[in-house]
Amino acid sequence: MSWIDNAVIYQIYPRSFADGTGDGIGDIAGIRSRLPYLAELGIDAIWLSPWYTSPMADAGYDVANYRDIDPLFGTLAEATSFIADAHAAGIRVIVDIVPNHCSSQHPDFLAALAAGPGSPERELFHFYDEPVNDWQSHFGGSAWTQVPDGQWYLHMFDPGQPDWNWEHPHVRADFEATLKFWLDRGVDGFRIDVANHLIKDLHAEGGWVDQEGVHEIYRSWRKILSGYAHEPVFVGELWSEPSALAKYLRPDELNTAFNFPFLIASWEASALREVIDVTLAVPATPTWVLSNHDVVRDVTRYGRTATEHIWIMPPTGWESDLTLGTRRARAAALLLLGLPGCAYIYQGEELGLPEVEDLPRELLQDPRWERSGHTDYGRDGCRVPLPWSGTAPPFGFSSGEPWLPQPASWASLTAEAQAADPTSMLSLYRAALRHRPSGPFAWLASTPDVLSFTRGDITCLVNFGSTPVELPPHQSVLLSSTPLVDGHLPTDTSIWLHTP
Ligand code: NOJ
């Protein structure tokens, strides 16, 4: 048993959570000031997207110094105090580690550029006289960029994010030192960015993902964790097929991985049932996630006709019915929190924030926007600063101007407004975290449009069908995502029943 086996983990995207310094960008001071909010919500842990020194070519996923904090977010001393404060509030802290690539401003990459072709410094990266394959960057365009002396280097993401060469012992030793650096400062784990990319076969089609050699890295990393008494854990970010994914979850590798098949499943009983079955068949802690800083917010996704569409793309055909989306997101929250295992909440999900789809194009910062030749609007719409209080932007997020504008319509979605409303999304999340079931999981018989399972003495039902369904015998209703209709469970609604 580990603390993560049934933890609720709240993802903080630092630049958009809370701004304590008034520059319009969220920071550690802001996060510290909102710890009481998180404690009241009832979460067990925070996962922080990167806070390291970075030129921000990809909002911090381009790291120039893995062992220091970017001045935008604060200082190393503040980070250490924050970890202690979180622990004092009963909240663990998972930090992001970005091992596939660094920043083109990382001293090792600058040294490689300066040292020139054929130098040992270039061996830390993938430098060649010409591109050795035709791989495309995940952000659009070629994955190879030429430097002034004529050589090319590999970057699976932005040119500002050169890929490390994990065959090199220095890279391995350096990351092990980074893991220990943060473990010694008390962090409770690491979320591993693109965890399936580290080892590459440059000559194989798809040779950038799920190569066998990556498992040996995680076996050695896991040994480092076992040297720490506070049970730190790894969470892999792996958009891999379920069969490949299970390999990373062997007992001596990663503790958990994000369940992206659950995130991309359409809002249908059969699709979700299948993902739940596949997930529970893997002998590792299950996880459940509906959104994060890379995908369209779930309220918007669930209001689309194609509920599995996770990107913002050009507007036609992607319209969303937000009333429907919110209703389904409420039902999905009780499904997510009703299942056994570790559940993730992305900041603002507990407020039911929709994607901001109409951000002024000139303000877009996600490299996908430029790299795609302005065809992919990128991920900024799920990264808009949180609305905390008041009736107009910046809604208590900052005393300055937020780095992305918040819609005026968010006045009704602030944490302050929702805390006062027992029917709000925030109140639903708070209640669900208080009453989260913990007993063993078993499916109950149901019609095809209904998911029904027990967790000990709690029964959870989700109605995906178009007609209300009868409730099974029960002692009391613990929580319902929308009100019952004549004692029946209406469409797109979840319920938790006490059935001792
Ligand atoms: C996955 C991260 O979640 C995403 O935000 C980032 O752009 C890529 N990895 C590259 O680091």
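Structural data are supplied above this passage.
1. Details of helix α7 (residues 214-225)
Part 1: End to end, α7 covers 17 Å across twelve residues, agreeing with the expected 16 Å (1.5 Å per residue, within 8%).
Part 2: The complete set of buried residues in α7 reads Val-214, His-215, Ile-217, Tyr-218, Trp-221, Ile-224 and Leu-225. Projected down its long axis, α7 shows its buried positions confined to an angular sector of 160 degrees, all on one face.
Part 3: Summarising the contacts, the buried residues of α7 are in contact with β5 (92-97), α6 (169-184), β9 (189-192), β10 (233-236) and α8 (242-248).

2. Description of the sheet that holds strand β2 (residues 45-48)
Part 1: Spatially, eight strands are ordered β11-β10-β9-β5-β2-β1-β13-β12 in an open sheet, and the strand pairing comes out parallel. The strands lining the two open edges of the sheet, one partner per strand, are β11 (256-257) and β12 (287-288).
Part 2: Taken together, the four bridges between strand β1 (residues 8-12) and β2 define a ladder with parallel strand orientation. If you follow Tyr-10 over to β2, its bridge partner there is Ile-46.
Part 3: Across the sheet, helix α4 (residues 76-88) touches β2 and β5, and the angle it forms with β5 is around 140 degrees.

3. So, the packing of α6 against α7
A pair of packed helices is captured by two measures, namely the crossing angle of their axes and the spacing between those axes.
Part 1: The N-to-C vectors of α6 and α7 enclose an angle of 30 degrees; their axes lie 11 Å apart at closest approach. Put simply, α6 runs roughly parallel to α7. Remark: the crossing between α6 and α7 carries right-handed chirality. In contact with Arg-172, Phe-175, Glu-176, Leu-179, Lys-180 and Leu-183 of α6, α7 contributes Glu-216, Ile-217, Ser-220, Trp-221, Ile-224 and Leu-225.
Part 2: Taken together, the residues that form the contact of α6 with α7 break down as seven nonpolar, one polar and four charged.

4. Let's talk about the pairing of strand β13 (residues 342-346)
Part 1: Among the five residues that make up β13, five are buried, leaving the element largely enclosed by the rest of the structure.
Part 2: Direction of pairing for β1 relative to β13: parallel, over a ladder of four bridges. Residue pairing in the sheet places Tyr-10 in a bridge with Ile-345 of β13.
Part 3: For β12 and β13, the ladder comprises two bridges, and the chain directions are parallel. Following the sheet pairing, Thr-287 is matched in β13 by Cys-342.

5. Some remarks on the packing of aromatic side chains
Part 1: Following the criterion strictly, the structure yields 34 aromatic pairs and no others.
Part 2: Plain terms: the ring middles of Phe-109 and Phe-127 are 5.8 Å apart, the flat faces sit at 15 degrees to each other, and that makes the pair stacked. You can see Phe-109 sitting in helix α5 (residues 107-115) and its partner Phe-127 sitting in strand β6 (residues 127-128), a full 18 residues away along the chain.
Part 3: Residue class for Phe-109 comes out buried when judged on its relative accessible area of 2%.
Part 4: For Phe-127, a relative accessible area of 9% gives the class buried.
Part 5: Sitting over the face of the ring of Trp-311, Arg-368 holds its NZ or CZ atom 4.5 Å from the ring centroid.

6. What about the pairing of β5?
Part 1: Among the six residues in β5, five count as buried, and that is most of the element.
Part 2: Taken together, the four bridges between β2 and β5 define a ladder with parallel strand orientation. Across the sheet, the residue bridging to Leu-48 is Val-95, located in β5.
Part 3: Sheet topology note: the β5/β9 ladder contains four bridges and is parallel. Paired with Ile-97 across the strands is Ile-192, a residue of β9.

Parameters and conventions
Within each chain, residues carry numbers counting from 1 in the order of the written sequence. Totals for whole chains, interfaces and linings use every residue, but because this is a predicted model, local features are given only for residues with pLDDT of at least 70 and side-chain atom pairs only at 80 or more, for both listing and counting. The basis for every side-chain value is the complete set of heavy atoms in the structure, and neither hydrogens nor water enter the calculation. Numbering goes from the N terminus for both helices and strands, where a helix is a DSSP run of H or I of at least four residues and a strand is a run of E of at least two. Take the residue count of a helix, subtract one, and multiply by 1.5 Å to get its expected span. Summary of the burial criterion: residues with accessible area below 20% of their type's maximum are buried, those above 50% are exposed, and those between are partly exposed, where the area comes from a 1.4 Å probe applied to protein chains only. This arc is built from the directions going out from the helix axis to the C-beta atoms. A contact between two residues is defined here by any heavy atoms of the two lying within 4.5 Å. Pairs of strands are assigned from DSSP output, requiring at least two bridges between the strands. Fitted lines through C-alpha atoms give the axes, limited to the stretch in contact for helices. The angle between two N-to-C directions lies from 0 to 180 degrees. The labels follow the angle: roughly parallel below 35 degrees, roughly antiparallel above 145, roughly perpendicular from 65 to 115, and oblique for the rest. Handedness of a helix crossing follows the sense of rotation of the near helix relative to the far helix, less than a right angle counterclockwise being left-handed and clockwise being right-handed. Classification convention: Asp, Glu, Lys, Arg as charged; Ala, Val, Leu, Ile, Met, Phe, Trp, Tyr, Cys, Pro as nonpolar; all other residues, Gly among them, as polar. The aromatic pairing rule takes the rings of Phe, Tyr and Trp, using the six-membered ring of Trp, and pairs them if the centres are within 6.5 Å, calling planes under 30 degrees apart stacked, those over 60 edge-to-face and the rest tilted. Charge over a ring is defined by NZ of Lys or CZ of Arg lying within 6 Å of the ring centre and within 35 degrees of the ring normal.

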